[in-house]
Amino acid sequence: MEPEPALVITGVGVVSPFGVGIGPFTDGIRRGKSAIRQLDPAKWNLSSSCTAGSVPDFRPEEFDGDYRFLRLPRITQFSVIATDLALRDALFDPQRTSGEAVGVFSGMMHGVMDQTEHYYSTIFDKGAKFANPLLFQSTVPNATVSEISLRFGFKGMALTITSGAPSSFLALKMASIALRARRIRTAVILGAEELSSRTLGTYRLLRRLSPTRGGEELSCPFDAKRNGMILSEGAVAMIVEAEQEAEARGVTPKAAILGVGAAHDACGTAGRDGGGLEGAMREALAAAHIPFTSVDYIAATGNSSRVLDEVESAAIRRVAGASLRPHVRVSSIKSMLGESFSAGALLGVAACIAAIRNGFLPPTVNYVNPDPLCELSHVLQPEDAAPEIAIANSACFGGNSAAVVLAGTHSAPMKGNR
Amino acid sequence: MTREEVATAIRNLIVERLHLRISPNAINDDQPLFGEGLGLDSVEALEIVVALEERFGIVVKDTEDVKDFFYSVDTLTTYVLGAVGHAGQRSVGHVGN
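Everything in this summary refers to the structure shown in the same document.

What counts, and at which threshold
- Residues numbered from 1 in each chain as written.
- Chains lettered and ligands numbered in written order.
- Predicted model: local features only at pLDDT ≥ 70, side-chain atom pairs only at ≥ 80, totals over all residues.
- Heavy atoms only, no water.
- Helix = DSSP H or I, 4+ residues; strand = E, 2+ residues; numbered from the N terminus.
- Buried < 20%, exposed > 50% of the residue type's maximum accessible area, 1.4 Å probe, protein only.
- Contact = heavy atoms within 4.5 Å.
- Areas by Shrake-Rupley, 256 points an atom, 1.4 Å probe, with all protein chains shown as cover.
- Rg over C-alpha atoms; globule rule 2.2 N^0.38 Å.
- Lys, Arg positive; Asp, Glu negative; His and termini not counted.
- Charge placed at Lys NZ, Arg CZ, Asp CG, Glu CD.
- Salt bridge = Lys/Arg side-chain N within 4 Å of Asp/Glu carboxyl O.
- Pairing = 2+ DSSP bridges.
- Phe/Tyr/Trp six-rings, centres within 6.5 Å; stacked < 30°, edge-to-face > 60°.
- Buried area = accessible area lost by both parts, 1.4 Å probe.
- Polar contact = N/O pair within 3.5 Å; in protein donor to acceptor, adjacent residues only side chain to side chain.
- Nonpolar A, V, L, I, M, F, W, Y, C, P; charged D, E, K, R; others polar.
- Core = buried A, V, L, I, M, F, W, Y, C linked by side-chain atoms within 4.5 Å.
- Axes fitted to C-alpha atoms, helices over the stretch in contact; angles between N-to-C directions.
- Parallel < 35°, antiparallel > 145°, perpendicular 65-115°, else oblique.

All right, on to the overall build of chain B then. Within chain B one finds four helices and zero strands. Secondary structure elements of chain B occur, N-terminal to C-terminal, as α-α-α-α. The proportion of buried residues among the 97 residues of chain B is 42%. Once local pairs closer than 6 in sequence are excluded, the contacts in chain B between residues at least 24 apart make up 61%. Accessible surface, chain B as shown: approximately 5,300 Å² in total, 51% of it carbon and sulfur.

Attention now moves to the overall build of chain A. In terms of regular secondary structure, chain A is built from 14 helices and 15 strands. The C-alpha atoms of chain A give a radius of gyration of 20 Å, which matches the 22 Å a tight globule of 418 residues would have. Its C-alpha atoms give chain A principal-axis dimensions of about 65 × 55 × 40 Å. Going through the 418 residues of chain A one by one, you find that 60% of them count as buried. Restricting the contact set of chain A to residue pairs at least 6 apart, pairs at least 24 apart contribute 78%. Carbon and sulfur atoms form 52% of the exposed surface of chain A, whose accessible area is close to 15,800 Å². Where the 40 positive side-chain charges of chain A centre and where its 41 negative ones centre are 2 Å apart.

Side chains that differ in sign of charge can pair as their charged atoms come close. Overall, the coordinates contain 29 salt bridges over all chains when judged by the stated rule. A salt bridge links R198 of chain A to E117 of chain A; the shortest N-O distance between them is 2.3 Å. One end of the pair, R198 of chain A, is in helix 9 (residues 197-205); the other, E117 of chain A, is in helix 5 (residues 114-126), and 81 residues separate them in sequence. Classification of E117 of chain A by relative accessible area gives partly exposed; the value is 27%. Through salt bridges that share partners, R68 and R71 of chain A together with D41 and E44 of chain B make up one connected network.

Residues and elements named next belong to chain A. Burial analysis of strand 5 (residues 102-107) places six of its six residues in the buried class, the great majority of the element. On strand 5, burial covers both faces: V102, V104 and S106 on one face and G103, F105 and G107 on the other are all buried. Relative to strand 7 (residues 186-193), strand 5 runs parallel, the two being bridged by six bridges. When the bridges of strand 7 are listed, F105 appears paired with I189. Here five bridges tie strand 5 to strand 6 (residues 157-161), and the two strands are oriented parallel to one another. The residue bridging S106 from the neighbouring strand is T160, located in strand 6.

So, on to the packing of aromatic side chains. Residue and element names in this part refer to chain A. In total, this model carries nine aromatic pairs over all chains according to the counting rule given. Here F58 and F78 contribute two aromatic rings whose centre-to-centre distance is 4.8 Å and whose plane-to-plane angle is 75°, an arrangement assigned as edge-to-face. Here F58 is found in the loop between strand 4 (51-52) and helix 3 (67-70), whereas its partner F78 is found in helix 4 (residues 74-89), with 20 residues between them in sequence. Just as F58 is buried, F78 falls in that class too. Geometrically, the ring pair formed by Y119 and F136 is tilted, given 6.1 Å between the ring centres and 45° between the ring planes. With a gap of 17 residues between them, Y119 in helix 5 and F136 in helix 6 (residues 133-139) connect regions that are remote in the sequence. Exposure remark for Y119: the relative accessible area of 10% places this residue in the buried category. Judged by relative accessible area, F136 falls into the partly exposed class, the value being 45%. Linked through ring pairs, Y119, Y120, F124 and F136 together constitute an aromatic cluster.

Next up on the list: the interface of chain B and chain A. Facing the 16 residues of chain B at the interface are 14 residues of chain A. At the boundary of chain B with chain A, total buried surface from both sides reaches about 1,300 Å², with 55% on carbon and sulfur atoms. Between R68 of chain A and D41 of chain B there is a salt bridge, with its nearest N and O atoms 3.8 Å apart. The tally of links from chain B across to chain A stands at nine residue pairs in polar contact (both at pLDDT 80 or more). Where the side of chain B that touches chain A is concerned, the elements lending two or more residues are helix 1 (3-18) and helix 2 (42-56) of chain B. No other element matches the seven residues that helix 2 of chain B contributes to the side of chain B that touches chain A. Tallied by class, the residues present in the side of chain B that touches chain A amount to six nonpolar, three polar and seven charged.

What follows covers unusual backbone geometry. All names here are of chain A. A cis geometry characterises the amide bond from S210 onward to P211, with omega recorded as 0°. On the secondary structure map, P211 appears in the loop between helix 9 and strand 8 (234-242). The phi torsion at D57 lies on the positive side, around 45°, for a residue other than glycine. In this structure, D57 sits in the loop between strand 4 and helix 3.

Ranked by internal contacts, the top residues of the largest apolar core, which has 51 residues, are I9, F25, I29, I189, M238 and V349 of chain A. At 10 residues, the largest contribution of residues to this core is made by helix 14 (residues 341-358) of chain A. In this view, M238 of chain A contacts I9, G11, V12, A86, A187, V188, I189, L346, V349, A350 and I353 of chain A; residues no more than four positions away in its chain are not counted. Core analysis: the second largest hydrophobic core is formed by 30 residues, V6, L13, L52 and V60 of chain B among them.

Turning to the environment of V102 of chain A, a few remarks are in order. Within the element layout of this structure, V102 of chain A appears in strand 5. With residues up to four places along the chain from it excluded, the contact list for V102 of chain A reads F92, F154, K155, G156, M157, I184, T186 and V188 of chain A.

Before going further, it helps to examine the packing of helix 1 (residues 22-31) of chain A against helix 14 of chain A. All names here are of chain A. At a minimum axis separation of 10 Å, helix 1 and helix 14 run at an interaxial angle of 75°. On the basis of their axis angle, the class for helix 1 and helix 14 is roughly perpendicular. Contact with helix 1, carried on its side by I22, F25, T26, I29 and R30, involves L347, A350, A351, A354 and N358 of helix 14 and no other residues of that element. Along the lines of polarity and charge, the residues of the contact of helix 1 with helix 14 split into seven nonpolar, two polar and one charged.

Shown next, in the form of C-alpha cells:
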C-alpha cells in the first residue's frame, strides 16, 4: 500500500488588521506593533466607542470593481482576496488546473454578520414576503466557499465548518483526510470573520470584552491584569497539497503540516481545565511522530480572557510535563491583533510559518504583570531565533480546541509573497 | 403616477436593490435587463420582484407570461401599471421604506 502523502503549505494569503497581504502581517508581528485601533462609532453603528482589530482602509474595489463583488459581505470579500493572494503565493493558476482536483474547506465561527442582521430585520419588520433573495444567497453559511468555488472554478468539494474558533483547524483536518485519501490534490483552507456591531455588543453583554472588570481596555494575554478580549476581523487562506504535488509543480513549500489534533473540554467554564487543548496538542504531536521536546515555539490561542489564558497555560504545562525547557517559547499574537476566532487560528499558523521562515519569534505585547497561573516561557519582545518546529493552538469559550504542528522546509525566505 | 414616474421608480429600484454602479438614467427603457443587456441573473430577477411588490404594493404572480414583462424597464412599466390597475388601488404609494 502506498504511504500516505506528507502535506505542505505552498501559499498563504492574509487580510488582517495589519492590512492586506502577508507582508504587513509579518512586519507587524516581527516588530511587536499593535494593530488594534479605535472604532468610529458612527461608521460601525456602535452606541459607544471601543477598540478592535479592524482591517484598515479596506477597499474591495481595488481588487474587483464589479458590482456583484462589491455587494458581497465584507467577510466574503476578505475571503476571496485572501484566497487569490494564497493562490498567487503558491504559483497556482486556477485556469491552468483541473478544478475537479481542488477542494475549498472553510472554518467560520460567526460568519456573515451585518448582512444576516439586515436579512432577518427585513423579515421581522416587514414580513417574510419582503425577504431579500440576494441577501439570502450571500448570508447562508456556505456562501463564502460557494463564491470561491464559482470564482476560481474549483469543483472538488466545498465544505464549511462552523464549530467555534478552531473551525479553520477542523477544516484543515478534514482537508488533510481528503488529501491523504487522494480524493483531491489541492485544498484551499480558509478562516474568516468580520467585525460587526452585533458581535461587539453580544460579547460585551457576555462580559467577554476588555475591560470586563474595569481597568484599561487592552489585549494583554497571560498578564495578571488581563480583563477580557479585544475583537478583531480578517481572513487567512492557505493552499495545502501533498509534498510530491508541490515538487511536481516546481514549488517550494512554505512549511510542512506534521499533525493536526482536535478535541473538546466537555465541561463548563467553571470546571474548565484545558483538557481539550491538551488532547488536541497530544493528538497533533502523535500524528507528527515527534516528542514535545522537539517543539521550539507555540503560537498560543491566549486572547486576554481570564479563563482561556489560564487553561491554555495549564494544558501546555501538562503536555510538556517535566520537559518544559526555557527554549520552548510561547507568545500570543492576539496581543497585537485581537481575537478573530477562525481567522485568528490561521493567523497563528501564519505566524508560525513567518517565524520559521524568517528566523524570529513574535512577542506577546502588553505583558507586564506575571500571573502564576499563566507561567510559561513567554516571548515579551521580538526575538531573533531559529525555530524549526512550532505548534499553533486554537480554543474557544465553548471548549472546542485544536492544534497544528508545523515544521520548516529549509527553504529560502518567502519570495513573491505579499 | 404617470408612466414616466413608474419607469423612473423602476430604474431607481433596480440600481439600488442590485447595488449597480451606474446611474439609473443610464438604463434605457428598451434595454434588455438580462443576457446581452444589463446581464442580470435569476436571483437578481427575484430581488426585483420583491422590490416591485414592496414599492408598488402589487403581487407579481409566478406565471409564464410574467417573464416577458421582465424584458426591459418599458415592459416592466407596462406590467406594473396593469397590476396596479388590476389591484384597483386608488394610488400607488411608497410602501415600506
